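Tertiary structure, described
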Amino acid sequence: MVTFDDITKLFKSISLVSTKLYLDKVKPRKLFPSTSISDPLYEIYSISNVNVIRYLYGYRIRFKILSSYLSPPVIFYEDQNKLRGFGYPIFRTNGILLRIDKKKLEKILYGILTVDNYVYNILMAKFFLYTKSKNNTFNNDYLGSYIDYERVSENILSGQPASKINNKIFINFIMENAAYSLAYLLIRTMSSILNTNIDNFILYLENNKNEIKIYILEKSSEGLGFTETITNTIFVNPSSIAQFYDLILRSLYKCGIIDTNNDMCKRRYSRTQSDYNKQLNIAKNTNNNIDIIAKHTEEILNNWLKTFNTEFPWDFLRNSILDYIRNTDEQLYNKIISDPVLKSGIEIVYGKYSQVCWDGCMQWIRLPEDNGLLQPDYEIFLTSRRLGSRIIEAFKSYTSNSFASTIDRNNYRNTILNLMDKAKLIIIVSPFFDEEMKDIFNKLLEKFNRKEQMRVLIFTRKTTYNENKDIFGKIREFTKIYTLDNLHSKIYIFDNNILWGSVNLTSSSLQRNIETLTISDSQAILYDVLGDFIKNVLEENKLSFSQFFL
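A short tour of the structure in this document, coming up. Note that the structure is predicted; figures quoted are calculated from it, not measured.

With that out of the way, let us pick up the packing of helix α9 (residues 288-308) against helix α10 (residues 317-328). Two elements in contact, α9 and α10, have axes separated by 10 Å at closest approach and are oriented at 105°. Put simply, α9 runs roughly perpendicular to α10. Between α9 and α10, the residues in contact are I293, H296, T297, E299, I300 and L301 and L317, S320, I321, Y324, I325 and T328, respectively. In terms of residue class, the contact of α9 with α10 is built from seven nonpolar, four polar and one charged.

Right under this line is the structure:
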């Protein structure tokens, strides 16, 4: 049954405007890649003569009986399988089209989720809260559903992620997240380069069976000149496109290097902490209950970290504090709702602990409400600064002239050891090991004993593991080891470098056999090769992401 409260929440959260494109007159001109590449990950086009229609969904409601005053359309509504609302043509315009191959993007996403444990954890937490907190009272489309904040707080405070999730549903969620994040990053950066307001563009996204299409169109029939400027500056050649991607990455991370320590939002947040610490100490001296509220807040953050191993969803911290206190300390809760001093104290606590926005950053990702493709509540879950930047990183590598090269057979061993020495991320896929593994594993032990931060994943055959249990046991403390009966792939990843070919970590393979070993520093190749491998491993062994990364 649909209750009044459900309708009220939907009224507050709904996006009132929907855009439709009619592309029968479109004249595309390919900008990238300019050469003929079979099955590229993405293509960029300049398009013209796009017919845009915008719909204001809803009924017009008479406020009073016999009154002539009508409300604006306030709600999307479906009646007898027909949409009720008002549509009107806006423009015939020009713009940029980005086409992304979903099959290739899927492999890239498998690779990103394996390489970047941070982005995996945060997207898994978003997936959990999104699926558990969405109210589908009307239908499953985001226009007919909403995020129930009461459910969000309840799931934050007491929810437990499932031990097994459906990979297809999860990867579709990540795919949707990737599409919106890319669209938002592109339009933000383009408007910044052109020194114009986002209001001058129309953003439109199609998520089809085989491809994602992102349209960035001029909001004018007369032609603002943006498409021509973008075509002749940003997308004029691979070098300028790479600079465009660099600009996006530098806006998110210092020097454009994707790392938590370089996160521009976290750096800005850290600069505010001194002032908030002073304010919180003053508030604690004024009222002892504020100290209790701060301790409750730390309990919430610690419990979340233990459960999800990722940063807290800061957008919901204020509600979570109040709900937690209401559930655990009713007396304090009653004081808070009746005492203005305590209410203001919560705002100080919130400022001290909250990093303002949760991954889908307000300053660098989310768009003003009238320009976005999503309701503000949905943007929290369906945009990701970290995921978007990883995909931009892969896109950038497609513009590079660098190519994979083979390693001289006399340098197999030294190349692997030298790359491993400096690496923080180490992934070894080798069906067979012998005495050669001792040097490799001793290098890992040296790094561990130096207390270097590193993440190590090793894939090998069960028989190989059983024959070398003692040696594997020495590194198990800091290494995830996966054993597979039918493993035949050989892949070695050291940070941004990927090596693949026929080489096992055995003396015969490294010294005597005729082998091949190819190396590349392309992030697109790394994500693609690794993603294809991980996808096959999960499907073959009927494992979910959550089981695999446990």
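There's plenty left to go through after this.
Along the chain, the position of K126 falls in helix α3 (residues 117-133). At 3.3 Å, the side chain of K126 forms a polar contact with the side chain of D359. A distance of 3.1 Å separates a polar atom in the side chain of K126 from the backbone oxygen of I380. Apart from the residues within four sequence positions on either side, K126 is in contact with F173, N177, W358, D359, G360, I380, F381, T383 and S384.

A few words on unusual backbone geometry. For the peptide bond that leads from F32 to P33, omega is -10°, which places it in the cis range. Residue position: P33 is located in the loop between β2 (29-32) and β3 (42-57). Although it is not a glycine, N49 sits at a positive phi angle of roughly 55°. N49 sits in the partly exposed class, given a relative accessible area of 25%.

What follows covers the packing of helix α14 (residues 385-398) against helix α20 (residues 523-541). Interhelical geometry of α14 versus α20 gives an angle of 115° and a closest axis separation of 7 Å. One element, α14, and the other, α20, form an angle in the roughly perpendicular class. Seen from α14, the contacting residues are R390, E393, A394, S397 and Y398; seen from α20, they are Q523, A524 and Y527. A class-by-class count of the residues in the contact of α14 with α20 yields four nonpolar, two polar and two charged.

So, how was this worked out
Residues numbered from 1 in each chain as written. Predicted model: local features only at pLDDT ≥ 70, side-chain atom pairs only at ≥ 80, totals over all residues. Heavy atoms only, no water. Axes fitted to C-alpha atoms, helices over the stretch in contact; angles between N-to-C directions. Helix = DSSP H or I, 4+ residues; strand = E, 2+ residues; numbered from the N terminus. Parallel < 35°, antiparallel > 145°, perpendicular 65-115°, else oblique. Contact = heavy atoms within 4.5 Å. Nonpolar A, V, L, I, M, F, W, Y, C, P; charged D, E, K, R; others polar. Polar contact = N/O pair within 3.5 Å; in protein donor to acceptor, adjacent residues only side chain to side chain. Buried < 20%, exposed > 50% of the residue type's maximum accessible area, 1.4 Å probe, protein only.

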